[in-house]
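# Examining the three-dimensional arrangement
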Amino acid sequence: MRLRTDVVVGGRVQVRVTDVGTEPFTVTAVALDSPGFAPLPPTPLTAEFTPGRVIDLPTPYGEPNCAAAPDPVSARLALSRPGGAVEEVRVPLAGDDLAVVHREECAVAGVLDVAGIALTGLVVDGEEATGSVVLTRRGDDDRAVTVVGVRPSVLVDVALDEAPVVLEGGEAEVSTPMTFTVATCEPHVLAETKQPFLFPLQVEVGDADAVPVPLPVDEAQEALLWAMVDGVCAQRR
């Protein structure tokens, strides 16, 4: 399963395990096994099961292997049984959430194989921040890359000064300014927002459908945006 908190954290799903037997056991580690994702070491944890108990185990997944399908998917569970016996079991997983993750992440990877995306020159000036979104061609794929729009977060509005932004075939780089403004100073939004600076760009490569690609915002840029939010909301109080 993918829960809302997994989307926020990124790189993680929940493996829901149910004790359908008649004996208790303890799960001490969990890992995903899927041809569509790079394997990761087991994640240590302690989850004590009794008959009928259901527990969601947070489980990271590796980088997607877009040349392979995600199925079949299984979980490797390290178990400790009554009396001290320890074993590893492989359990087939139901549900299609990991397939959705694979499809989404491979779509983003396909865009980024053609053009890199960056946010540069971010500065705060009064009640707004400005910067530029930059598209830089990668490799030999000469298809046009088009940013047709960008979605705001719940906390911050964002707008491209010019849209669409088109990296034409044969061009190495293109950029356009973008502006960030505070959307709300509601206390519950400030306290509870989990993705304050997630700004999905809608990006088309050639004639393909648009793919939502997160605008990269690094820690220093997040600090600038928080400074803008704090300054604006202090004035509005």
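Anyway, here's the lowdown on the structure attached to this text. Residue numbers restart at each chain and count upward from 1, following the sequence in its written direction. With the structure being a predicted model, the display of local features is reserved for residues of pLDDT at least 70 and the display and counting of side-chain atom pairs for 80 or more, all residues being used for whole-chain, interface and lining totals. To get the side-chain values, all heavy atoms of the structure are used, and hydrogens and water are removed first.

### Describing the pattern of salt bridges
Pairing is possible between side chains that carry opposite charge, provided their charged atoms lie close to one another. By salt bridge we mean one thing: a side-chain nitrogen of Lys or Arg within 4 Å of a carboxyl oxygen of Asp or Glu. Counting across every chain of the model gives seven salt bridges. For the salt bridge of R2 with E104, the shortest nitrogen-to-oxygen distance reads 3.1 Å. Of this pair, R2 sits in the segment before α1 (4-9) while E104 sits in helix α2 (residues 97-114), and the two are 102 residues apart along the sequence. Think of it in three bands: residues with accessible area under 20% of the maximum for their type are buried, residues over 50% are exposed, and the middle band is partly exposed, with areas taken using a 1.4 Å probe on protein chains only. By relative accessible area, which is 40% here, E104 ends up partly exposed. With a closest N to O distance of 2.7 Å, R16 and D56 form a salt bridge. Of the two residues, R16 sits in strand β1 (residues 12-18) while D56 sits in strand β4 (residues 54-60), which places them 40 residues apart along the sequence. Take R16: its relative accessible area is 45%, and that puts it in the partly exposed class. Going along the chain from the N terminus, every DSSP run of H or I of four or more residues is numbered as a helix, and every run of E of two or more is numbered as a strand.

### Brief notes about the side chain of R76
One can find R76 in strand β5 (residues 74-80). The exposure class assigned to R76 is buried, which follows from its relative accessible area of 16%. We call two residues contacting when some pair of their heavy atoms lies within 4.5 Å. Other than its neighbours up to four places away in sequence, R76 contacts A29, V30, A31, L32, D33, L40, P42, E88, V89 and R90.

### Re the sheet that holds strand β13 (residues 200-205)
Here the rule is simple: two strands pair whenever DSSP picks up at least two bridges between them. Pairing is antiparallel in the open sheet, where four strands are placed in the order β11-β9-β13-β14. Both outer strands of the open sheet, β11 (165-167) and β14 (211-214), are each paired with one neighbouring strand and no more. Shown here is a sheet whose adjacent strand axes are inclined to one another by a mean of 30°, direction ignored. Pairing of β13 with β14 involves four bridges; the strand directions are antiparallel. Paired with L201 across the bridge in β14 is V213. Running at roughly 75° to β14, α2 makes contact with β9 (145-150), β13 and β14 of the sheet. Between N-to-C directions, angles cover 0 to 180 degrees, with each direction set by a line fitted to C-alpha atoms, over the stretch in contact for helices.

### Here's the deal with α2
A helix is expected to reach a length of 1.5 Å times the quantity of its residues less one. Taking 1.5 Å per residue as the helical rise, α2 with its 18 residues ought to reach 26 Å, and the 27 Å between its terminal C-alpha atoms agrees with that figure. For α2, the complete set of buried residues consists of L98, V101, H102, C106, V108, V111 and V114.

### Structural notes on the state of the cysteines
Pairs of cysteine sulfur atoms within 2.5 Å are what we label disulfides. Using the criterion set out here, one finds two disulfides in the structure. With its sulfur 2.1 Å from that of its partner, C66 forms a disulfide with C106. The sign of the S-S torsion, about -95°, decides the handedness of the disulfide formed by C66 and C106: left-handed. Placement of C66 in the loop between β4 and β5 and of C106 in helix α2 is noted, with a sequence separation of 40 residues between them. In this structure C66 comes out as partly exposed when scored by relative accessible area, which is 42%. Judged by its relative accessible area of 15%, C106 falls in the buried class. Here C185 connects covalently by a disulfide to C233, the sulfurs 2.1 Å from one another.

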